[in-house]
Structures are given as C-alpha cells and as structure tokens.
Amino acid sequence: MRAPVFGLIDHIGVAVFDLDAALELYEGSFGMPVAHRETVTEQGVEAVLLDVGATHVELLRPLAGETAVGRFLAKRGPGLHHVAYRVDDIAATLAELREGGIDLIDAEPRTGIRRSRVAFLHPRSTGGVLTEIVEPDRGVH
Ligand code: CO
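Summarised in this report is the structure supplied together with it.

With that out of the way, let us pick up the packing of aromatic side chains. Summed over the entire model, instances satisfying the criterion amount to two aromatic pairs. Pairing Phe6 with Tyr85 gives two aromatic rings, centres 4.3 Å apart and planes at 10°, and the pair type is stacked. Here Tyr85 lies in strand 5 (residues 79–86) and Phe6 lies in the segment before strand 1 (8–15), a separation of 79 residues in the sequence.

Here you go:
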C-alpha cells in the first residue's frame, strides 16, 4: 500500500455572510473556542479559526464581492466551502499531486492564515470538493 499523501484534516472552511452571527452558532451554541481571527488580504477574507479537537473550523467572510469566497456566496449562498489537509512539505506535495494528474488552482503556495503556506486543488479534479493543502508556519499548531 502506498504512503498517504495527507495525514490530517487541518480545517473545514465555511463561507458566511456575517461572522458575528456565525460565531453565535459555532462559539455560542457549539462551544468551540475561538483560536484566531485574521484578515487575510491575499485571500480576500476575514477568517476565524475555532478549535475542534485537533482540527479547526475556519469561518470565511469575503472582504468584497469580487473575491473567490464572495463569488461562491453569490452563487451558492453560505455553507461548506472547502476541506483543508495538513502536510509537512507543501512544495513536495504539490509536485506529487501534479504528477498524479490533479489540476491545481495554485501552482505555487501562497500565504494563508497564521502565516501558513496554502494551495488549492481544482474541484474538477477532486469530485467537486474544493480542496486546500496547508503547511503550517513552524511553531503554530
Ligand atoms: Co482554508
């Protein structure tokens, strides 16, 4: 059996119109502690990470309509946006996926939340599931 490419789900991304309303649900009703809140200009979002066991829920509010999450919300409304897997070496993982015939949205990693390096795989290669891979900044878990 081959070695797994992904070892852990880093987070589930959820697109929202209203972060405070979403926090009432995830923090208030579900009791998930807020771990981090950040505006990630490169991705056009304000994001909140909530702890759930060893992984996270990532709430995403677009900074403008003409952003990836803004267009998603306009088309589909709020809801599940992507699944993110954690990897140790994002460059090596991207190369392995590309060689395996997966279409990449990001040929090169870009900056994600908490100074992580992230890249998205195209949903046409992943059964319609927008898939992100994340290499955390060293020292952040
Ligand atoms: Co994400």
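From this point, the narrative continues.
Protein-derived coordination of the cobalt ion comes from His11 (NE2), Glu58 (OE), His82 (NE2) and Glu132 (OE), at a distance range of 2.0 to 2.2 Å. Written as a sequence motif, the donor arrangement for the cobalt ion is H-x46-E-x23-H-x49-E. Note that Glu58 is positioned in strand 4 (residues 55–62) and His82 in strand 5, a separation of 24 residues in sequence. Each member of the pair, Glu58 as well as His82, is classed as buried.

The residue Ser116 is located in the loop between strand 6 (110–111) and strand 7 (117–121) in this model. Residue classification places Ser116 among the buried residues on the basis of a relative accessible area of 6%. Contact partners of Ser116, with chain neighbours within four places excluded, come to Arg110, Thr111, Val134, Glu135, Pro136 and Asp137.

Looking at helix 1 (residues 19–29), one finds that the buried residues are Leu19, Ala22, Leu23 and Tyr26. Down the axis of helix 1, the smallest arc covering the buried residues is 100°, so these residues share one side. Away from its buried face by more than 90 degrees, helix 1 exposes Glu24, Gly28 and Ser29. Where helix 1 is buried, its residues contact strand 1, strand 2 (34–40), strand 3 (45–52) and strand 4.

This part covers the layout of surface pockets. The space that makes up the largest pocket amounts to roughly 630 Å³. Taken together, 28 residues line the largest pocket, and the ones lying closest to its centre are Ala68, Val69, Phe72, His81 and Leu130. Within the residue set of the lining of the largest pocket, elements represented by two or more residues are strand 3, strand 4, helix 2 (68–76), strand 5 and strand 7. The element that contributes the greatest number of residues to the lining of the largest pocket is helix 2, accounting for six residues. Taken together, the residues that form the lining of the largest pocket break down as 16 nonpolar, five polar and seven charged.

Another aspect to go through is the nonpolar core. Considering soluble globular proteins, one finds that nonpolar side chains tend to be buried as a cluster. Of all hydrophobic cores here, the largest spans 11 residues; its members are Val14, Val16, Leu19, Ala22, Leu23, Tyr26, Met32, Val48, Leu50, Val57 and Leu59. When contributions to this core are tallied by element, the ones reaching two or more residues are helix 1, strand 3 and strand 4. Considering every element that reaches this core, the biggest residue donor is helix 1, with four residues. With residues up to four places along the chain from it excluded, the contact list for Val14 reads Tyr26, Val57, Glu58, Leu59, Leu60, Gly79, Leu80 and His81. Judged by nonpolar contacts, the second largest core, of 10 residues, contains Ala15, Ala47, Val69 and Leu73.

The rules we used
Residues numbered from 1 in each chain as written. Predicted model: local features only at pLDDT ≥ 70, side-chain atom pairs only at ≥ 80, totals over all residues. Heavy atoms only, no water. Phe/Tyr/Trp six-rings, centres within 6.5 Å; stacked < 30°, edge-to-face > 60°. Helix = DSSP H or I, 4+ residues; strand = E, 2+ residues; numbered from the N terminus. Donors = N, O, S within 2.8 Å, 3.2 Å for Na, K, Ca; no water. Buried < 20%, exposed > 50% of the residue type's maximum accessible area, 1.4 Å probe, protein only. Contact = heavy atoms within 4.5 Å. Arc of directions from axis to C-beta. 1 Å grid on protein atoms, 1.4 Å probe; cavity = no way out; pocket = protein on both sides within 12 Å on 5 of 7 lines; lining within 4 Å. Points joined across faces, edges and corners; volume = space filled by probe spheres on them. Nonpolar A, V, L, I, M, F, W, Y, C, P; charged D, E, K, R; others polar. Core = buried A, V, L, I, M, F, W, Y, C linked by side-chain atoms within 4.5 Å.

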